[in-house]
Amino acid sequence: MKAVVIAIDGPAASGKGTLARRVSDRLGFAHLDTGALYRAVGLLTARRGGDPADPAAAEAAARALDAQQLAELMKDPELRGDWAAQAASQVGAVPGVRAALMDFQRGFAARPPGGGAGAVLDGRDIGTVVCPDAPAKLFVTAAVDVRARRRFNELLARGVPAIYDAVLADMKERDARDSQRAVAPLRPAVDAFLLDTSSLDADAAFEAALSFIRSKTGLPA
Ligand code: DC
């Protein structure tokens, strides 16, 4: 039977990652955080001695990334840091990097690991480019100052020193790069459900997402 794909896109700190995890747990679906793939390519580019802002170095790293390296980078604490986020956004603007990661993402969606009935993929271009036929697409967003505040509080909670204005500037820079790039820019699919979490908590966002998914897929959520 064809796997049911749920596409969840949106900018940084919109709440899409938390939402994707909760939806996949509830439905018993596999979950792929595609941002982690771009972060892994960013880190690998630097570890091979390259600059993530150099398209040729980024593409070479993406083509060299194998399953074992990916599994190791996924466990690396640096993967979650802000340096890796900016590097991911830089390598994500390179068409050859996006092409190199495409088969992995589509394979995951078509044959979810663990043999589940479906997959939840979260990222920037899942509903528009990677899985345009997904039956349920969500675009999760929030005002940039709300997202920066969330990110800032998260850093402080982890004991990482942070300055709010710097977090906000970083987020604006990443939003601009992700949404203005020529290839697969961040934007809602025409048939995406827009979920603004500026004034919603995680539970309310989850309930709204589930009722949309149920209406599109007929799944008992
Ligand atoms: O979701 P995240 O913050 O971990 O993503 C990090 C960066 O990776 C993001 O700023 C842009 C890039 N990315 C992308 O270009 N396409 C995706 N599907 C996911 C992430």
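It should be noted that the structure appears before, not after, this text.
Each value, and the rule that gives it
Residues numbered from 1 in each chain as written. Predicted model: local features only at pLDDT ≥ 70, side-chain atom pairs only at ≥ 80, totals over all residues. Heavy atoms only, no water. Helix = DSSP H or I, 4+ residues; strand = E, 2+ residues; numbered from the N terminus. Buried < 20%, exposed > 50% of the residue type's maximum accessible area, 1.4 Å probe, protein only. Near = heavy atom within 4 Å. Polar contact = N/O pair within 3.5 Å; in protein donor to acceptor, adjacent residues only side chain to side chain. Areas by Shrake-Rupley, 256 points an atom, 1.4 Å probe, with all protein chains shown as cover.

Sorry if this is basic, but what is going on with the side chain of Thr 197 here?
Position of Thr 197 relative to the elements: it lies in the loop between strand 5 (193-196) and helix 10 (202-217). Its relative accessible area of 5% is what places Thr 197 among the buried residues.

Honestly, the site of the ligand in this entry has me stumped. Any pointers?
Surrounding the ligand, one finds 14 residues, the nearest of these being Arg 39, Arg 98, Arg 124, Asp 178 and Arg 181. With respect to the ligand, the side chain of Lys 16 contributes an N or O atom lying 3.3 Å from an oxygen atom. One nitrogen or oxygen atom from the side chain of Arg 98 is found 2.8 Å from an oxygen atom belonging to the ligand. Coverage of the ligand by the protein amounts to 96% of the 440 Å² it exposes when considered alone. Residue assignment for the shell around the ligand shows that the elements contributing at least two residues are helix 2 (34-47), helix 5 (82-91) and helix 9 (164-180). The biggest single contributor to the shell around the ligand is helix 2, with four residues.

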